[in-house]
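Read off the chains here:
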Amino acid sequence: LAIVTISYQQTIHAYPGGGGAYIVARDNLGELPAQTAGAALLTDYVLTVAVSVSSGVAQIVSAYPSLSAYRVAIAVGLVLFVMIVNLRGVRESGRAFAVPTYFFLLMMVLTLGTGLVRAVTGKLGSVIDPPVLEFGQTLLAVTPFLILHAFSSGTTALTGVEAISNGIPAFKEPRSRNAAITLIWMSVILGTLFLGITFLAGEIHALPSEGETVISQLARTIFDGRGTFYLMLIAATTIILIMAANTSFADFPRLSALVAGDGFLPRQFTYRGSRLVFSRGIVTLALLASLLIIIFQARVTALIPLYAIGVFLSFTLSQAGMARRWWKIGRLESGQLIQERGSTLRYEPSWQIKMLINGFGAVCTAVVTLVFAITKFSEGAWVVIFSAPALVLIFLAIHHHYRDLAKNLSVEDYGPPPQVRRHRVILPISGVHRGTLDALRYATSLSNDVTAVHVSIDPAESERVRSKWETWGGG
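What you are looking at is a predicted structure, and each value in this text was computed from that prediction instead of being measured.

Chemist: Whenever I open this one, the nonpolar core confuses me. Can you help?
Modeler: What tends to happen in soluble globular proteins is that the nonpolar side chains get buried as a cluster. Ranked by size, the top nonpolar core spans 69 residues in total, and within it Val49, Val53, Phe249, Leu265 and Ile293 carry the most contacts. By residue number, the principal contributor to this core is helix H3 (residues 31-63), which donates 14 residues. Beyond its immediate sequence surroundings of up to four residues, Val53 is in contact with Thr48, Ala75, Leu78, Val79, Ile242, Ala245 and Ile293. If you look at the next biggest cluster of nonpolar residues, it comprises 24 residues, including Ala63, Ile222, Phe223 and Leu233.

Chemist: Can you walk me through the side chain of Thr111 in this structure?
Modeler: Counting through the fold element by element, Thr111 comes out in helix H5 (residues 94-120). By relative accessible area, Thr111 is classed as buried at 2%. Among all residues touching Thr111, those that are not within four sequence positions of it are Ile222, Phe223 and Leu233.

Chemist: I'm lost on the pattern of salt bridges in this one. Help?
Modeler: If charged atoms from side chains of opposite charge come close, those side chains can pair. Under the definition given, this model contains 10 salt bridges. The partner of Asp251 in a salt bridge is Arg254, with the nearest N and O atoms 2.8 Å apart. Pair noted here: Asp251 and Arg254 are both in helix H10 (residues 228-261), with a separation of three residues, about one helical turn. Since its relative accessible area comes to 11%, Asp251 is described here as buried. Its salt-bridge partner being Glu348, residue Lys354 comes within 2.6 Å of it at the nearest N-O pair.

Chemist: Help me understand the environment of Met186, please; the structure alone is not making it clear to me.
Modeler: Along the chain, the position of Met186 falls in helix H8 (residues 175-203). If near-sequence neighbours (up to four positions away) are discounted, Met186 is found in contact with Gly160, Val161 and Ile164.

Chemist: Would you take a moment to explain the confidence of the model for the chain for this structure?
Modeler: Any residue range with low pLDDT should be treated as having predicted coordinates unsuitable for detailed reading. Mean pLDDT for the chain: 86, with 95% of residues reaching 70 or above. Across the chain, the secondary-structure element scoring lowest on mean pLDDT is strand E1 (residues 337-339), at 77, and the one scoring highest is helix H11 (residues 279-295), at 93.

Chemist: Would you mind showing me how to read the packing of aromatic side chains here?
Modeler: The geometry of two aromatic rings is summed up by the distance between their centres and the angle between their planes. A full pass over the atoms with the stated rule returns four aromatic pairs. Members of the aromatic cluster, connected to one another through ring pairs, are Tyr8, Phe312 and Phe315. Positioned above the aromatic ring of Trp326, the side-chain terminus of Arg325 is 5.4 Å from the ring centre.

What counts, and where the lines are drawn
- Residues numbered from 1 in each chain as written.
- Predicted model: local features only at pLDDT ≥ 70, side-chain atom pairs only at ≥ 80, totals over all residues.
- Heavy atoms only, no water.
- Core = buried A, V, L, I, M, F, W, Y, C linked by side-chain atoms within 4.5 Å.
- Buried < 20%, exposed > 50% of the residue type's maximum accessible area, 1.4 Å probe, protein only.
- Helix = DSSP H or I, 4+ residues; strand = E, 2+ residues; numbered from the N terminus.
- Contact = heavy atoms within 4.5 Å.
- Salt bridge = Lys/Arg side-chain N within 4 Å of Asp/Glu carboxyl O.
- pLDDT = per-residue confidence, 0-100.
- Phe/Tyr/Trp six-rings, centres within 6.5 Å; stacked < 30°, edge-to-face > 60°.
- Lys NZ or Arg CZ within 6 Å of the ring centre and 35° of its normal.

Now the structure itself:
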C-alpha cells in the first residue's frame with residue numbers, strides 16, 4: 001500500500017489533468033502497452049461494479065438472511081438503478097458523497113474502537129454461531145503457496161488507490177497538491193481499517209462466508225447482537241459499496257470514449273446522449289456487470305479472483321510508463337521543455353530518484369500480478385488472463401478497420417481534384433408580383449446564378465414583364 005501510494009503521488013504531480021494508466025502508458029510506452037492497460041482498466045471497471053454491488057447485497061443478506069434467495073435479483077436491480085441515475089445525467093457531487101462517506105468512517109471507527117477496547121479488557125469473546133465452512137472449503141497446512149494465496153487475496157484491498165490520479169480535474173486548485181493530500185489520507189485510513197478489521201477478525205475467530213460477511217460477524221460480536229449500531233454499520237457499509245460501483249459508471253464511459261477516440265473501440269462510444277453523458281458506455285457497463293453477477297450468482301468470493309489481477313496489471317503499466325517518463329526527462333537539457341499529449345516534460349534534477357521510485361513500484365506490482373495469476377489461476381483468474389489479450393486483439397482489429405477505411409477514403413492518390421461547378425437555378429415566372437419576389441429570394445439563397453424564365457406569345461406582354469423585372473427583379 002505504501003509503495004503504490006508513493007508511486008502514484010508522482011503520477012498525480014506529473015499529470016495534473018488526470019493520469020490514468022491508459023494515458024500514462026500511451027504517452028510513454030506505446031500503442032500495445034496502452035491498449036493492454038485499457039483492456040485491464042475496462043475489465044476492472046466492470047468487475048468493480050459486480051464486486052461492489054455483490055458485496056453490498058452480501059451485507060443486506062447478512063442482516064436479513066431471508067433475502068438470500070433473492071440476492072442475484074437485488075444485485076441486478078441495484079446495477080440497473082445506478083445505470084438509470086447516471087443516464088439521467090446526475091453527476092457525482094462532493095457534498096452528496098461526503099455525508100455517507102463520513103457516516104461510514106464514523107461507524108467503522110466506533111466499531112473498531114469499541115472492539116479494541118473490549119479485546120484489551122478481555123470482554124470481546126468469540127463470534128456466536130459462526131457460519132459453517134461451505135462446501136469445498138477445507139483446512140490446509142500452512143505452506144508458502146497458501147501464504148501467497150492469502151497475500152494475493154489481501155491485495156484486493158488496494159484496488160481503487162489509482163482512482164484519485166484519474167479524477168484530478170475534480171479537485172479544487174491547486175489540484176495536484178489537494179489530490180496528493182487526499183491520496184495520503186485515503187491510504188492511511190485504508191491501512192488503519194484493514195489492520196483493525198484483520199486483528200479483530202482473528203480475535204473473534206470470524207470465518208469468511210457468503211452467508212454472512214466478516215463485517216457482520218464483527219459488528220454483532222462487538223455490539224452484542226443485531227441491534228441499532230449493528231444495523232447502522234451494515235447500512236453504512238452497503239451505501240459506501242454502492243457508491244464505489246457508481247465511480248465506475250463515471251470512469252468506464254470516459255475511458256471507453258477515450259479509447260474510441262483513438263480508434264480502438266467503435267466511434268459510437270464517443271457520442272453523448274441527450275443528457276450529455278456517454279450513454280452507450282453506461283449501458284454497456286451495466287449489461288456486462290449484470291451478466292457477471294448472474295453468472296457468478298453475486299458471490300463475492302467467486303468474483304474476487306477476476307478482480308485484482310487487472311488492477312495490478314494497470315498498476316504495473318502505469319508505473320513502468322512513469323519510470324520511462326523520468327528517463328526521458330533525464331535526457332533533456334536544463335530549462336528545455338517538450339510538450340506531449342498528456343503533459344509537459346521539463347528537466348528535473350531529481351529525476352533519478354523519481355525514476356527509481358516508479359521503477360521499484362512497477363517491479364513490486366508486477367510481482368503481485370504474477371503471484372495473483374498463479375495462486376488464483378484455478379479459481380477464476382484464468383478468465384482475465386485470457387480475456388485481456390483477447391480484448392487487446394479486438395482493439396487492434398477495430399483500429400485496423402478504421403485505418404483501412406481512412407486509407408480507402410483518403411484523397412492523397414485520388415488524382416486531380418474534381419472541377420467545382422456552380423449550380424444554376426431556373427425560376428419560372430408568370431409575371432412580376434409579390435409571390436415572384438418571394439420565390440426570387442428563396443432562389444438566391446440556393447445560388448447566385450438565377451435565371452428567370454417567362455413564356456409568352458404576346459410581344460407587348462413580354463416587354464411589359466421584362467421592364468417590370470428590370471425594376472423589381474434586379475435585371
